[in-house]
Amino acid sequence: MKAMTLILVIALSFGWLWAQDITGDWHGLLEVSGIKLRIVVHIKGSGGKLEATFDSPDQGAFGLPVSSVTFKNRALNLEIDAPPITYSGTWKDGTIQGVFRQSGLELPLDLQRDKLQKPVYDRPQEPKKPFPYKVKQVKFRNREAGIKLAGTLTLPAGKGAHPAVILISGSGPQDRNEELMGHKPFLVIADHLTRQGFAVLRFDDRGTGKSGGQFSTATSFDFASDVKSAVSFLKKRKDISQIGLVGHSEGGLIAPLVATETPEVQFIVLLAGPGQRGDQLLLLQEELIWRVDETDEEKIQRSLYINRYIFDLVLRENDTDALQAQMRDFLTKSVADSLIDIPEGYSQEDVTQQYMDQMTNPWMLTFLRHDPAPVLEEVRCPVLALNGSKDLQVPAKVNLEAISAALEKGGNRNCETIELEGLNHLFQECETGHPNEYAAIEQTFSPRALEALSDWLKKQTGLK
């Protein structure tokens with residue numbers, strides 16, 4: 001999967017005497033694993049009844065609703081139910097100085113009135129203007145979902161129809177550049193491919209950036225519907241000839257879904273795409289990351305036991321109410337038996353609810369139950385699967401083998417799998433492959449991976 005992103009939702013509302021002073025915007029900066037995330041809290045209201053929304057602009061999240069809060073004796077305490085997040089701060093000299101807590105993490109977070117500048121990272125691969133190609137801001141409609149999506153289409157200089165690729169992002173709300181950890185991998189990929197003669201369409205996920213719709217209730221099948229509408233958009237353009245898909249992480253799961261139902265798709269590329277069923281992939285991912293962390297073996301086994309049991313419940317029980325009841329019983333007993341640790345500042349109910357919320361949202365239920373193999377067996381167009389040998393989120397060997405086996409079982413002989421030595425899930429040159437390295441690495445996308453991608457695409461399209 002793509003790098004884990006911190007989903008921040010903050011409930012904010014102040015009380016009584018201070019209400020007239022705290023309406024407006026508050027700005028803060030969270031720092032975790034080398035990443036700096038701006039937050040903006042918008043407060044409005046009067047008479048002690050306040051409302052607030054929350055933005056995380058560096059994650060493309062805007063207008064998120066907020067919930068409960070207490071403010072007494074200059075002490076601010078915020079809570080959110082799903083996922084369980086708490087914030088405790090103290091009003092002092094016009095700022096709120098406090099601590100943000102989520103999933104065992106405790107991070108300092110001060111809120112202030114002054115707007116913060118976007119964090120700047122050293123990303124030498126990020127292309128700079130002027131570009132030797134055309135850049136168009138476009139919009140297209142997903143009529144099935146009733147939403148409009150926004151993106152960027154880059155076109156090689158010169159007249160004529162060009163072969164095109166659509167970039168499909170991984171899990172979590174992503175903008176058209178798939179911006180994460182201070183990197184913009186889709187911007188780098190689009191620049192490279194357009195210079196090679198390809199038109200490239202990249203677009204904001206639904207509910208993200210300038211795209212309409214709601215992200216939080218969407219599943220991989222909904223995102224596949226968005227990609228189909230992108231194919232329809234390109235199909236109508238006279239400056240586009242062949243159309244292919246390039247999906248990263250979850251995007252590598254979505255690309256085959258679209259290819260099997262959309263004859264206009266003539267080739268697909270899976271960048272760290274999963275070949276395992278979702279539950280198997282997440283268990284392997286968890287174990288590998290724990291081991292790189294040198295976590296205590298007993299803790300690893302406890303965690304794997306908990307998740308394996310929950311995943312099995314998800315696979316066996318299709319009725320959501322029954323699933324939630326069984327899951328709550330199991331988690332309550334596991335906490336009582338000390339199989340699950342209670343982080344400081346959390347209650348037993350907080351931890352139980354966190355597991356429930358994470359495991360029973362529409363996206364997770366779909367992902368855990370989805371097996372890519374039957375879909376891959378139906379893919380008839382050429383396929384390239386690329387992965388890095390140090391990918392801990394979609395481990396290369398087992399997933400490349402599963403992808404190859406499924407394609408061959410379905411009779412597709414026009415497929416190639418490549419394991420690139422020393423690259424992580426983002427296709428960066430790395431040390432261990434651990435997600436906490438992503439931000440610290442200057443490289444956004446390995447030139448070796450870019451060349452492997454463009455070389456294969458040229459073979460499929462006849463570009464020189």
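The preceding data block contains the structure.
Residues numbered from 1 in each chain as written. Predicted model: local features only at pLDDT ≥ 70, side-chain atom pairs only at ≥ 80, totals over all residues. Heavy atoms only, no water.

## Digging into the overall build of the protein
No. 1: Each helix and strand counted, the protein has twelve helices and 17 strands in total.
No. 2: For the protein, the proportion of its 464 residues judged to be buried stands at 55%.
No. 3: For the protein, contacts bridging at least 24 residues in sequence account for 67% of all contacts bridging at least 6.
No. 4: Here the protein has roughly 20400 Å² of accessible surface; of this, 49% comes from carbon and sulfur atoms. (Helix = DSSP H or I, 4+ residues; strand = E, 2+ residues; numbered from the N terminus. Buried < 20%, exposed > 50% of the residue type's maximum accessible area, 1.4 Å probe, protein only. Contact = heavy atoms within 4.5 Å. Areas by Shrake-Rupley, 256 points an atom, 1.4 Å probe, with all protein chains shown as cover.)

## Description of the pattern of salt bridges
No. 1: In this structure the tally under the stated criterion is 18 salt bridges.
No. 2: When the shortest N-O distance is used, the salt bridge between E261 and K228 registers 2.2 Å. Separated by 33 residues along the polypeptide, E261 in helix α4 (residues 250–261) and K228 in helix α3 (residues 220–235) bring together distant segments of the chain.
No. 3: Exposure remark for K228: the relative accessible area of 24% places this residue in the partly exposed category.
No. 4: A salt bridge links R291 to E297; its shortest N-O distance comes to 2.6 Å.
No. 5: When its relative accessible area of 38% is taken as the criterion, E297 is described as partly exposed. (Salt bridge = Lys/Arg side-chain N within 4 Å of Asp/Glu carboxyl O.)

## With respect to a positive patch on the surface
No. 1: Side chains of K139, R141, R143, K148, K210 and K236 sit close together on the surface and give a patch of like positive charge.
No. 2: As for its placement among the helices and strands, R143 is situated in the loop between β10 (133–142) and β11 (147–156).
No. 3: For R143, a relative accessible area of 69% translates into the label exposed. (Patch = residues over 30% accessible without salt bridge, like charges linked within 9 Å, V, L, I, M, F, W, Y side chains within 5 Å. Lys, Arg positive; Asp, Glu negative; His and termini not counted. Charge placed at Lys NZ, Arg CZ, Asp CG, Glu CD.)

## Observations regarding the packing of aromatic side chains
No. 1: Throughout the structure, instances matching the rule amount to eleven aromatic pairs.
No. 2: With centroids separated by 5.2 Å and ring planes inclined at 5°, the aromatic side chains of F131 and Y133 adopt a geometry described as stacked.
No. 3: Ring pairing ties together the aromatic residues F140, F203 and F233, which thus form one cluster. (Phe/Tyr/Trp six-rings, centres within 6.5 Å; stacked < 30°, edge-to-face > 60°.)

## Looking at the sheet that holds strand β15 (residues 265–271)
No. 1: One open sheet holds the eight strands; their spatial order is β10-β11-β13-β12-β14-β15-β16-β17, and the pairing between them is mixed. Among the strands making up the open sheet, the edge pair consists of β10 and β17 (415–420). The mean inter-strand angle of the sheet, taken between neighbouring strand axes irrespective of direction, is 20°.
No. 2: The pairing of strand β14 (residues 240–248) with β15 spans six bridges and is parallel. Its bridge partner lying in β15, G244 is registered against F267.
No. 3: Lying on the sheet, α3 is in contact with β10, β11, β12 (162–168), β13 (199–203), β14 and β15; it crosses β10 at an angle near 125°.
No. 4: Packing against the sheet, helix α12 (residues 447–461) makes contact with β12, β14, β15, β16 (383–388) and β17, and its axis sits at approximately 165° to β15. (Pairing = 2+ DSSP bridges. Axes fitted to C-alpha atoms, helices over the stretch in contact; angles between N-to-C directions.)

## A closer look at the nonpolar core
No. 1: L245 and I268 are the most contacted members of the largest nonpolar core, which totals 71 residues.
No. 2: Core analysis: the next-biggest nonpolar cluster, separate from the first, contains 26 residues, V165, F267, F445 and A449 among them. (Core = buried A, V, L, I, M, F, W, Y, C linked by side-chain atoms within 4.5 Å.)

## With respect to the environment of A255
No. 1: On the secondary structure map, A255 appears in helix α4.
No. 2: Taking the C-alpha atoms as reference points, A255 and V227, 28 residues apart in sequence, are found 8.2 Å from one another.
No. 3: Setting aside its immediate chain neighbours within four residues, A255 contacts I168, L245, I268 and L270.

## A look at the environment of A259
No. 1: Tracing the chain through its elements places A259 in helix α4.
No. 2: On the basis of relative accessibility, which here comes to 14%, the residue A259 falls in the buried class.
No. 3: Separated by 122 residues in the primary sequence, A259 and C381 place their C-alpha atoms 7.6 Å from one another.

## Things to note about the side chain of Q428
No. 1: Structurally, Q428 is set in the loop between β17 and α12.
No. 2: A distance of 3.1 Å separates the side chain of Q428 from the side chain of H183, its partner in a polar contact.
No. 3: Setting aside chain neighbours within four positions, we find Q428 in contact with H183, G422, L423, Y438, I441, Q443 and T444. (Polar contact = N/O pair within 3.5 Å; in protein donor to acceptor, adjacent residues only side chain to side chain.)

## Some thoughts on the pairing of β15
No. 1: Buried residues dominate β15, accounting for six of its seven residues.
No. 2: As paired strands, β15 and β16 are joined by four bridges and run parallel to one another. Each bridged residue has a counterpart across the sheet, and for I268 the counterpart in β16 is V383.

## Some words on helix α8 (residues 348–360)
No. 1: With 13 residues, α8 should reach 18 Å at 1.5 Å per residue; the first-to-last C-alpha distance of 18 Å fits that figure.
No. 2: Those residues of α8 that sit buried are V351, T352, Q354, Y355, M356, M359 and T360.
No. 3: Residues of α8 that are buried sit in contact with α6 (297–316), α7 (320–336) and α9 (362–369). (Expected span 1.5 Å × (residues − 1).)

## Digging into the packing of helix α5 (residues 278–292) against α6
No. 1: Where α5 meets α6, the closest approach of the two axes is 10 Å, and the angle between their N-to-C directions is 170°. Judged by the inter-axis angle, α5 sits roughly antiparallel to α6. Of the residues in α6, those touching α5 at D279, L282, L283, E286, E287, W290 and R291 are E297, K299, I300, Q301, S303, L304, N307, R308, F311 and L315. (Parallel < 35°, antiparallel > 145°, perpendicular 65-115°, else oblique.)

## Observations concerning helix α11 (residues 396–409)
No. 1: Compared with an ideal rise of 1.5 Å per residue, which puts 14 residues at 20 Å, α11 spans 20 Å between its outermost C-alpha atoms and is within 8% of the ideal.
No. 2: Where the residues of α11 are buried, they touch β15, α5, α10 (372–376), β16 and β17.
No. 3: One or two positions beyond α11, positive phi appears at G411, with a value near 90°.

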